[in-house]
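Okay, here's what each chain looks like letter by letter:
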Amino acid sequence: MNLLSGLTKAYASLRAIPNEMRMQRLAANPPVLASRDDLPLLLNIRNLRGSGVEIGVCKATFSEIVLGGWGGAKYHCVDPWREFPKDEYVDMANRPQDEQDKIMAFAKARLAKFGDKVEFVRKTSLDAAGDFANGSLDFVYIDGQHHYEAVRDDIHAWLPKVKPGGLLCGHDYLDGFIDNCQFGVKKAVDEFVKTKGWPLTVSLEMEFPSWFVFLPQA
Ligand SMILES: C[S@@+](CC[C@H](N)C(=O)[O-])C[C@H]1O[C@@H](n2cnc3c(N)ncnc32)[C@H](O)[C@@H]1O
């Protein structure tokens, strides 16, 4: 019990690092992200201001946060906004088609203020990957389907698209059946970084943290 309360205290103080120190935290190697909302500032600090992709956009909640702070040129929103067979995609985001259409319209309206900086790509992750040249992207944020095979395949498809020194990252670094969703993100990411030997950073949210891996410079 003492160990747990000590750890909880240490964790709380880490998360409470004052805002003024945000830049130092993010510029450190590896960076420390209090939450995924630090992503836009991290990208700016690392001079990753070209093109980025978010896979799995839904209502564009996170897209709006990234676009609100990121000084980049083009943000590609990849999502099929379609219903999948229930046994193929066990997730509360797997909603009926009429709802998917409304969600996409909502996302478009939400991001309209960012103009042609935003491109909507209504395709699955693996179909969309073929539209991007190798080494053309500053970052990719993976938040589509969360089961192990999907994340493994997304990493495999999108890694070559990221330029040297760019960032491959994603949401929900966890495994198991949580909130009616099947997660295997941690397993897929751990396997990936183990194979590559590249450092992994995990943001500090208590629940649903994100993961971040910088590719080596050429
Ligand atoms: C958890 S939501 C994304 C949330 C969003 N990234 C945010 O944080 O605001 C997952 C999204 O992935 C989408 N999705 C499902 N299968 C996909 C696939 N094969 N490729 C890309 N996106 C997919 C779903 O339509 C859903 O909108």
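As the structure is a computational prediction, the values presented were derived from the model and not from experiment.

Visitor: Help me understand the site of the ligand in this model?
Guide: Around the ligand sit 19 residues, and of these Glu 54, Gly 56, Asp 79, Ser 125 and Asp 143 come closest. The separation between a nitrogen atom of the ligand and a polar side-chain atom of Asp 143 is 2.7 Å. The contact in question runs from a nitrogen atom of the ligand to an N or O atom on the side chain of Gln 145, over 3.0 Å. Summarising the interface, the protein chains cover 89% of the accessible area of the ligand, which totals 600 Å² for the free molecule.

Visitor: How should the sheet that holds strand E8 (residues 201–202) be read in this particular structure?
Guide: Two orientations exist for strands paired in a sheet by backbone hydrogen bonds: parallel and antiparallel. The seven strands are arranged E3-E2-E1-E4-E5-E9-E8 in an open sheet whose pairing can be described as mixed. Since the sheet does not close on itself, it has two edges, and those belong to strand E3 (118–121) and E8, each with one partner. The pairing of strand E2 (residues 74–78) with E3 spans four bridges and is parallel. Across the sheet, residue Tyr 75 finds its bridge partner in E3, namely Val 118. Together, strand E1 (51–55), E2, E3 and strand E4 (137–142) form the strand contacts of helix H4 (residues 61–69), whose direction differs from that of E2 by roughly 175°. Against the sheet, helix H8 (residues 185–196) makes contact with strand E5 (162–170) and strand E9 (211–214), and its axis sits at roughly 15° relative to E9, the strand it touches most.

Visitor: Help me out: how do you make sense of the environment of Leu 159 in this one?
Guide: With respect to the secondary-structure elements, Leu 159 resides in the loop between helix H7 (148–158) and E5. Owing to a relative accessible area of 14%, Leu 159 belongs among the buried residues under this scheme. The spacing of Leu 159 and Ala 107 is 52 residues in sequence and 26 Å in space, taken between C-alpha atoms. In this structure, Leu 159 is in contact with Leu 168, Phe 192, Lys 196, Trp 198 and Leu 215, ignoring residues within four places of it in sequence.

Visitor: I would appreciate a short explanation of the pairing of strand E7 (residues 181–184) in the present structure.
Guide: On any regular strand, side chains alternate: one points to one face of the sheet, the next to the other face. In terms of strand pairing, strand E6 (residues 175–178) meets E7 through four bridges, oriented antiparallel. Among the inter-strand pairings, Phe 177 is bridged to a residue of E7, identified as Gln 182.

Visitor: Explain the pattern of salt bridges here, please?
Guide: Close approach of charged atoms allows side chains with opposite charge to pair. What the rule picks out here adds up to 12 salt bridges. For Asp 143, the salt bridge goes to Arg 36, with nearest N and O atoms at 3.9 Å. Remark: Arg 36 occurs in the loop between helix H2 (22–27) and helix H3 (39–45) and Asp 143 occurs in the loop between E4 and H7; sequence separation between them is 107 residues. Owing to a relative accessible area of 15%, Arg 36 belongs among the buried residues under this scheme. Through salt bridges with shared partners, one network takes in Arg 22, Arg 25 and Asp 38.

Visitor: Help me understand unusual backbone geometry, please; the structure alone is not making it clear to me.
Guide: Glycine aside, negative phi is the norm for most residues, and most peptide bonds take the trans geometry. Look at the link from Asn 29 to Pro 30: it is a cis peptide, with omega at 0°. Within the chain, Asn 47 stands out as a residue other than glycine whose phi angle is a positive 60°. Tracing the backbone through its elements, the reader meets Asn 47 in the loop between H3 and E1. Relative accessible area serves as the criterion here: at 53%, Asn 47 is assigned to the exposed category. The backbone phi angle of Ala 60 is positive, close to 70°, even though this residue is not glycine.

Visitor: Where do I start with the environment of Ser 125 in this structure?
Guide: Residue placement: Ser 125 occurs in helix H6 (residues 125–129). Taking relative accessible area as the criterion, Ser 125 reaches 10% and is therefore assigned buried. The sequence separation of Ser 125 and Gln 217 amounts to 92 residues, and the corresponding C-alpha distance is 25 Å. In this view, Ser 125 contacts Ile 55, Val 78, Asp 154 and Trp 158; residues no more than four positions away in its chain are not counted.

Criteria and thresholds
- Residues numbered from 1 in each chain as written.
- Predicted model: local features only at pLDDT ≥ 70, side-chain atom pairs only at ≥ 80, totals over all residues.
- Heavy atoms only, no water.
- Near = heavy atom within 4 Å.
- Polar contact = N/O pair within 3.5 Å; in protein donor to acceptor, adjacent residues only side chain to side chain.
- Areas by Shrake-Rupley, 256 points an atom, 1.4 Å probe, with all protein chains shown as cover.
- Pairing = 2+ DSSP bridges.
- Helix = DSSP H or I, 4+ residues; strand = E, 2+ residues; numbered from the N terminus.
- Contact = heavy atoms within 4.5 Å.
- Axes fitted to C-alpha atoms, helices over the stretch in contact; angles between N-to-C directions.
- Buried < 20%, exposed > 50% of the residue type's maximum accessible area, 1.4 Å probe, protein only.
- Salt bridge = Lys/Arg side-chain N within 4 Å of Asp/Glu carboxyl O.

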